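Spelled out from the first residue to the last, the chains are:
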Amino acid sequence: SSGTSKRHLIVVDLSPSGMALIYDPRLDQFDLSRSYLGLLHVPNHQGQRLRFEVANMRPLDEGNEQRIIGCLFKGLGFTGCRTLAEILAIWED
């Protein structure tokens, strides 16, 4: 396996600099400080391809298998930042 897989994860927080995702460690493995590629998708928007680095990890709730990871966006560029601003405008409505 090439180590790549396509998964749909829930974004629980989003900012211009990063996002927080919920994942299940039985299904997905994330490593601290490692970079990943993703597609941020929100309703009514085409979405944004992005690279993110895992900054922190913690359990979601006590007794819950799921975990939450804090991610920092890497190298969005001008166009990516503009698209992210559009997504944030939708997100906050």
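From a predicted model like this one, the values you see are computed outputs, not experimental measurements. (Residues numbered from 1 in each chain as written. Predicted model: local features only at pLDDT ≥ 70, side-chain atom pairs only at ≥ 80, totals over all residues. Heavy atoms only, no water.)

Undergrad: Please set out the overall build of the protein chain residue by residue, giving values where relevant.
TA: Each helix and strand counted, the protein chain has one helix and five strands in total. Helices and strands appear in the protein chain in the N-to-C order β-β-β-β-β-α. A compact globule built from 93 residues would reach a C-alpha radius of gyration of about 12 Å, and the protein chain, at 13 Å, matches this within 12%. Its C-alpha atoms give the protein chain principal-axis dimensions of roughly 35 × 30 × 20 Å. Within the protein chain, the proportion of its 93 residues that are buried is 34%. Of the roughly 6,400 Å² of accessible surface on the protein chain, 49% is carried by carbon and sulfur atoms. For the protein chain, the distance from the average site of its 10 positive side-chain charges to the average site of its 11 negative ones is 9 Å. (Helix = DSSP H or I, 4+ residues; strand = E, 2+ residues; numbered from the N terminus. Rg over C-alpha atoms; globule rule 2.2 N^0.38 Å. Buried < 20%, exposed > 50% of the residue type's maximum accessible area, 1.4 Å probe, protein only. Areas by Shrake-Rupley, 256 points an atom, 1.4 Å probe, with all protein chains shown as cover. Lys, Arg positive; Asp, Glu negative; His and termini not counted. Charge placed at Lys NZ, Arg CZ, Asp CG, Glu CD.)

Undergrad: Help me get a handle on the pattern of salt bridges, residues and values and all.
TA: For the structure on display, the rule yields four salt bridges. Between Arg-7 and Asp-28 there is a salt bridge whose closest N-O contact spans 2.8 Å. Of this pair, Arg-7 sits in the segment before strand E1 (10–14) while Asp-28 is found in the loop between strand E2 (18–23) and strand E3 (35–40), placing the two residues 21 residues apart along the sequence. By relative accessible area, which is 40% here, Arg-7 ends up partly exposed. Among the residues examined, Asp-28 registers a relative accessible area of 9% and is labelled buried. When the shortest N-O distance is used, the salt bridge between Arg-34 and Asp-31 registers 3.7 Å. (Salt bridge = Lys/Arg side-chain N within 4 Å of Asp/Glu carboxyl O.)

Undergrad: Go over the sheet that holds E2, please, and point to the residues and values.
TA: Spatial strand order, E1-E2-E5-E4-E3: five strands in an open sheet with antiparallel pairing. One side of each edge strand has no neighbouring strand; the edge strands of this open sheet are E1 and E3. On average, each strand axis in the sheet is tilted by 40° relative to the strand beside it, whichever way the strands run. Taken together, the six bridges between E2 and strand E5 (residues 67–74) define a ladder with antiparallel strand orientation. The residue bridging Met-19 from the neighbouring strand is Cys-71, located in E5. (Pairing = 2+ DSSP bridges. Axes fitted to C-alpha atoms, helices over the stretch in contact; angles between N-to-C directions.)

Undergrad: Mind laying out the packing of aromatic side chains, listing which residues take part and the relevant values?
TA: Each aromatic ring pair is characterised by the separation of its centres together with the angle its planes make. Going through the model one piece at a time under the given rule, you end up with three aromatic pairs. Aromatic side chains Tyr-23 and Phe-30 sit 4.9 Å apart centroid to centroid with 80° between the ring planes, which places their arrangement in the edge-to-face category. Across the pair, exposure class does not vary: Tyr-23 and Phe-30 are buried alike. When the ring of Phe-30 is compared with that of Tyr-36, the centres are 5.0 Å apart and the planes differ by 70°; the resulting orientation is edge-to-face. Three or more aromatic residues joined by ring pairs form one cluster here, namely Tyr-23, Phe-30, Tyr-36 and Phe-52. (Phe/Tyr/Trp six-rings, centres within 6.5 Å; stacked < 30°, edge-to-face > 60°.)

Undergrad: Break down the pairing of strand E4 (residues 48–59) for me, citing the residues and quoting the values.
TA: By the bridge criterion, six bridges tie E3 to E4 in an arrangement that is antiparallel. Within E4, the residue paired with Tyr-36 across the bridge is Phe-52. Pairing between E4 and E5: eight bridges, direction antiparallel. Among the inter-strand pairings, Phe-52 is bridged to a residue of E5, identified as Phe-73.

Interpretation note: all reported values are geometric properties and have no functional meaning in isolation.
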